[in-house]
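# Overview (structure and organization)
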Amino acid sequence: MLSSGNLPLLISTYGYWMVGGIIALESMGLPLPGEATLIVAAVYAGTTHHLNIWLVIVAAAAGAILGDNVGFWIGRQIGYRLLLRYGHHVRLTEARIKLGQYLFRRHGGKIVFFGRFVAVLRALAAVLAGANHMSWPRFLLFNAAGGIVWAALYGGAAYYFGHALERLTKPAALGLTVVAIIAIGVSLVIVHRHEAELEQAAERALPGPLKAPRVGQSKTL
């Protein structure tokens, strides 16, 4: 089982491929330690010089961008179909699905960019963006920006400050997750209170019935 404890051995054995691979798989939605992998690889590069920190950052950013785009495709082609077919079982009506698309159209860029820095959103933001039909070019822009800034910030800091940062990032990551959960909770309350008005705005922006995309369809909203 992959854990933070055996990351140094895996990184020393497989190098940049392991860094990019774990981060890519986490970005697709799998519960893997992507952030810990970046930090451990950067600390390893700084203490042993067996890895180049710039290539660690490139591998991490590339893994984040590639994995998120696969997650986006999964959300667009599979997640959206599941919402249309089974959403009514969990009270996701067509109006509410449209509302999700409308909110991602307006705020999806912020969710994708800042989601890279929050553990839960890092694994889910791309899938949610795809399922809610966020425009792919816009998704790619904010996804690439978030991935590059995240990799450079965390990788560079871990390289220069080493194990001290590794200890500090755990409570910092927990704090960011708590803040994100509170922000999501507040947002849900606001959306619930104004659901009718928002659904009307979503219908005006996205008129007509929802249709499942054909296989290979690349239309963006």
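Here, the structure is the one placed above.
Below you will find a few notes about this structure. (Residues numbered from 1 in each chain as written. Predicted model: local features only at pLDDT ≥ 70, side-chain atom pairs only at ≥ 80, totals over all residues. Heavy atoms only, no water.)

### Quick word on the overall build of the protein chain
Operational definition: Numbering of helices and strands starts at the N terminus; helices are DSSP runs of H or I of at least 4 residues and strands are runs of E of at least 2. Relative accessibility thresholds used throughout: buried, under 20% of the residue-type maximum; exposed, over 50%; partly exposed, between the two (1.4 Å probe, protein chains only). Per-residue and other accessible areas follow the Shrake-Rupley method at a 1.4 Å probe size, with only the shown protein chains counted as cover for residues.
Along its length, the protein chain carries nine helices and zero strands. Taking all 221 residues of the protein chain together, 43% fall into the buried category. Here the protein chain displays about 12100 Å² of accessible surface, and carbon together with sulfur accounts for 71% of that area.

### What to know about the nonpolar core
Quick note on the threshold: The set of buried Ala, Val, Leu, Ile, Met, Phe, Trp, Tyr and Cys residues whose side-chain atoms join them within 4.5 Å is what this entry labels a nonpolar core. Between two residues, a contact is recorded if the distance between any of their heavy atoms is within 4.5 Å.
One finds Ile-11, Ile-23, Leu-38, Val-56, Ala-60 and Trp-150 to be the most contacted residues of the largest nonpolar core, which totals 28 residues. At the level of secondary structure, the elements contributing two or more residues to this core comprise helix 1 (7-14), helix 2 (16-27), helix 3 (34-48), helix 4 (53-86) and helix 7 (136-161). Counting residues per element, this core draws most heavily on helix 3, at eight residues. Residues contacting Ile-23, with those up to four places away along its chain left out, are Gly-34, Leu-38, Ala-60, Gly-63, Ala-64, Arg-116 and Trp-150. Core analysis: the next-biggest nonpolar cluster, separate from the first, contains seven residues, Phe-72, Phe-104, Ala-129 and Met-134 among them.

### Notes on the side chain of Arg-76
Which entries qualify depends on this criterion: Only four residue types enter the tally: Lys and Arg on the positive side, Asp and Glu on the negative side; His and the chain ends are excluded. Salt bridges are counted wherever a side-chain nitrogen of Lys or Arg sits within 4 Å of a carboxyl oxygen of Asp or Glu. Polar contacts here mean pairs of N or O atoms no more than 3.5 Å apart (in protein, one a potential hydrogen donor and the other a potential acceptor; neighbouring residues in sequence count only if both atoms are side-chain atoms).
For Arg-76, the position within the fold is in helix 4. No salt bridge is formed by the buried Arg-76. Its closest oppositely charged neighbour is Asp-68, at 14 Å. A polar contact is formed between the side chain of Arg-76 and the backbone oxygen of Met-134, at a distance of 2.7 Å.

### Structural notes on the packing of helix 2 against helix 3
Rules: For every element, the axis is a line fit to its C-alpha atoms; helices are fit only across the contacting stretch, and the angle between N-to-C directions ranges from 0 to 180 degrees. Note on terminology: angles under 35 degrees are roughly parallel, angles over 145 are roughly antiparallel, angles of 65 to 115 are roughly perpendicular, and the others are oblique. By the definition used in this description, the sense in which the near helix is turned from the far one sets the handedness, with an anticlockwise turn below a right angle giving left-handed and a clockwise turn giving right-handed. Polarity classes work like this: nonpolar for Ala, Val, Leu, Ile, Met, Phe, Trp, Tyr, Cys and Pro, charged for Asp, Glu, Lys and Arg, and polar for all others, with Gly in that last group.
At a minimum axis distance of 8 Å, the contact between helix 2 and helix 3 shows a crossing angle of 160°. Between helix 2 and helix 3, the crossing angle belongs to the class labelled roughly antiparallel. Handedness of the crossing formed by helix 2 with helix 3: left-handed. Mapping the contact onto sequence places Met-18, Val-19, Ile-22, Ile-23 and Glu-26 in helix 2 and Gly-34, Glu-35, Thr-37, Leu-38 and Ala-41 in helix 3. Of the residues assigned to the contact of helix 2 with helix 3, the class counts are six nonpolar, two polar and two charged.

### Let's talk about the pattern of salt bridges
Scanning all chains against the criterion turns up three salt bridges. Here Arg-122 makes a salt bridge to Glu-26, at a shortest N to O gap of 3.2 Å. With Arg-122 in helix 6 (residues 119-131) and Glu-26 in helix 2, this residue pair connects regions lying 96 residues apart in the sequence. Take Arg-122 and Glu-26: they sit in the same class, and that class is buried. Among the salt bridges present, the one from Arg-122 reaches Glu-35, with a minimum N-O distance of 3.2 Å. You can see Arg-122 sitting in helix 6 and its partner Glu-35 sitting in helix 3, a full 87 residues away along the chain. Where salt bridges share partners, they join Glu-26, Glu-35 and Arg-122 into one cluster.

### Details of the environment of Ala-42
Along the chain, Ala-42 falls in helix 3. Among the residues examined, Ala-42 registers a relative accessible area of 0% and is labelled buried. When sequence neighbours within four positions are dropped, the list of residues in contact with Ala-42 reads Ile-53, Val-56, Gly-155, Ala-158 and Tyr-159.

### Quick look at helix 2
We count it as follows: The span expected for a helix works out to 1.5 Å for each residue beyond the first.
For helix 2, with 12 residues, the first-to-last C-alpha span of 17 Å sits near the 16 Å given by 1.5 Å per residue. Within helix 2, the full set of buried residues consists of Met-18, Val-19, Gly-20, Ile-22, Ile-23, Ala-24, Glu-26 and Ser-27.

### Here's the deal with the packing of aromatic side chains
Threshold: Two rings from Phe, Tyr or Trp (for Trp, the six-membered ring) form a pair when their centres sit within 6.5 Å of each other. Planes less than 30 degrees apart are called stacked, planes more than 60 degrees apart edge-to-face, and all others tilted.
Overall, the coordinates contain six aromatic pairs when judged by the stated rule. Taking the centre distance of 4.5 Å and the plane angle of 25° together, the rings of Phe-72 and Phe-139 count as stacked. Here Phe-72, found in helix 4, pairs with Phe-139, found in helix 7; they are 67 residues apart in sequence, far enough to count as distant. Measuring from centroid to centroid gives 5.1 Å for Phe-113 and Phe-114, while their planes differ by 85°, and the two rings are edge-to-face.

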